[in-house]
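What follows is the residue order along each chain.
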Amino acid sequence: LRGTWAVHHSAGDASDPPDPFHAYLVISLEHTTMVLETGEELREVSDAVQLVTDAPTLAAGNLFGRARIAQVHQGGVRVTAGPVHAQDVGVADMLAPASTHSEGSSAGAAALQVVAAQVLDPYVLCRLSDGSLRVLRGDPTTQSLKAVDPGGAGRG
């Protein structure tokens, strides 16, 4: 067992009161991820939910309140709207735009993996295998993640 995360999902209208209970329990194992649906009983729904299940999960959490679930794995970040796939952000998508245009950078990006992560709405922080950090920020209007340009942060 590598980790467990309980995540919510709001399926109803935004005016509905939020369900106080978690929707899924994401369990990271040595080489895979198992997803259990919560309710009266725990029920495995790994095949029915479009989270990544053929790799271990490094972190999981909610984004945009409870509208999206972010799951971080070695290849990047999967975002779902409940059980339905909404977005994938691969490691190459996390790299600064300037670094993706240089020669050989795509081969270098292919070798990089996410090795650790944290999800804190609306941000996802990823540490890559080269030791660098990448921040993804959620856009509430599109309910999607975009990489934050590290060169633009903190400059006035």
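Fair warning: this is a prediction, and the values are worked out from it, not measured in the lab.

This next bit is on unusual backbone geometry. Across the chain, the bulk of peptide bonds are trans and the bulk of non-glycine residues have phi less than zero. The omega torsion of the bond from Asp-121 to Pro-122 falls at 5°, within 30 degrees of zero and hence cis. Here Pro-122 is to be found in the loop between β9 (114-120) and β10 (123-128). Phi at Phe-64 is positive, roughly 55°, even though this residue is not glycine. Even without being a glycine, Gln-143 presents a positive backbone phi close to 50°. With respect to the helices and strands, the residue Gln-143 is situated in the loop between β11 (133-139) and β12 (144-147).

Quick look at the sheet that holds β12 now. Read from one edge to the other, the open sheet built from 4 strands follows the order β9-β10-β11-β12, with strand pairing classed as antiparallel. The open sheet has two free edges, formed respectively by β9 and β12, since each of these has just one partner strand. Between one strand axis and the next, the sheet turns through 25° on average, direction left out of account. Where β11 and β12 come together, 4 bridges link them in antiparallel fashion.

Buried residues dominate strand β5 (residues 57-63), accounting for 7 of its 7 residues. As paired strands, β5 and strand β6 (residues 68-73) are joined by 6 bridges and run antiparallel to one another. Bridge pairing links Leu-63 to Arg-68 in β6. Joining the antiparallel neighbours β5 and β6 is a turn of 4 residues, in which Phe-64 adopts a positive phi near 55°.

To continue, consider the nonpolar core. Membership of the largest hydrophobic core comes to 22 residues, with the highest contact counts inside it found for Val-72, Val-77, Met-94, Val-114, Val-124, Cys-126 and Leu-145. For this core, the secondary structure elements donating two or more residues are β5, β6, β7 (76-81), α1 (91-94), β9 and β10. Within the second largest apolar cluster, 11 residues are counted, among which are Trp-5, Val-7, Tyr-24 and Ala-60.

The next thing to look at is the sheet that holds strand β2 (residues 24-28). Strand order across the open sheet formed by 4 strands is β1-β2-β3-β4, with antiparallel pairing between neighbours. Two strands bound the open sheet, and with one partner strand each, they are β1 (3-7) and β4 (43-44). Looking at chain direction, β2 and strand β3 (residues 33-37) are connected through 5 bridges and run antiparallel. Across the sheet, Tyr-24 pairs through a bridge with Glu-37, a residue of β3.

Our next topic: the confidence of the model for the protein chain. On average, residues of the protein chain score 88 in pLDDT, and 81% of them reach the 70 mark or higher. In this model residues 100-104 is a low-confidence stretch, pLDDT under 50, and it forms 3 contacts with partners more than four residues away in sequence or in other chains.

Relative to the elements of secondary structure, Arg-134 occurs in strand β11. Within the buried set, Arg-134 has no salt-bridge partner at all; the shortest N-O distance to an opposite charge, 5.3 Å, is to Asp-130.

This part takes up the environment of Tyr-123. Mapped onto the fold, Tyr-123 is located in strand β10. Each C-alpha atom of the pair Tyr-123 and Asn-62 lies 9.9 Å from the other, and the pair is 61 residues apart in sequence. Dropping the residues within four chain positions of it, Tyr-123 is found in contact with Leu-63, Gln-118, Val-135, Leu-136 and Arg-137.

Thresholds applied
- Residues numbered from 1 in each chain as written.
- Predicted model: local features only at pLDDT ≥ 70, side-chain atom pairs only at ≥ 80, totals over all residues.
- Heavy atoms only, no water.
- Helix = DSSP H or I, 4+ residues; strand = E, 2+ residues; numbered from the N terminus.
- Pairing = 2+ DSSP bridges.
- Axes fitted to C-alpha atoms, helices over the stretch in contact; angles between N-to-C directions.
- Buried < 20%, exposed > 50% of the residue type's maximum accessible area, 1.4 Å probe, protein only.
- Core = buried A, V, L, I, M, F, W, Y, C linked by side-chain atoms within 4.5 Å.
- pLDDT = per-residue confidence, 0-100.
- Contact = heavy atoms within 4.5 Å.
- Lys, Arg positive; Asp, Glu negative; His and termini not counted.
- Salt bridge = Lys/Arg side-chain N within 4 Å of Asp/Glu carboxyl O.

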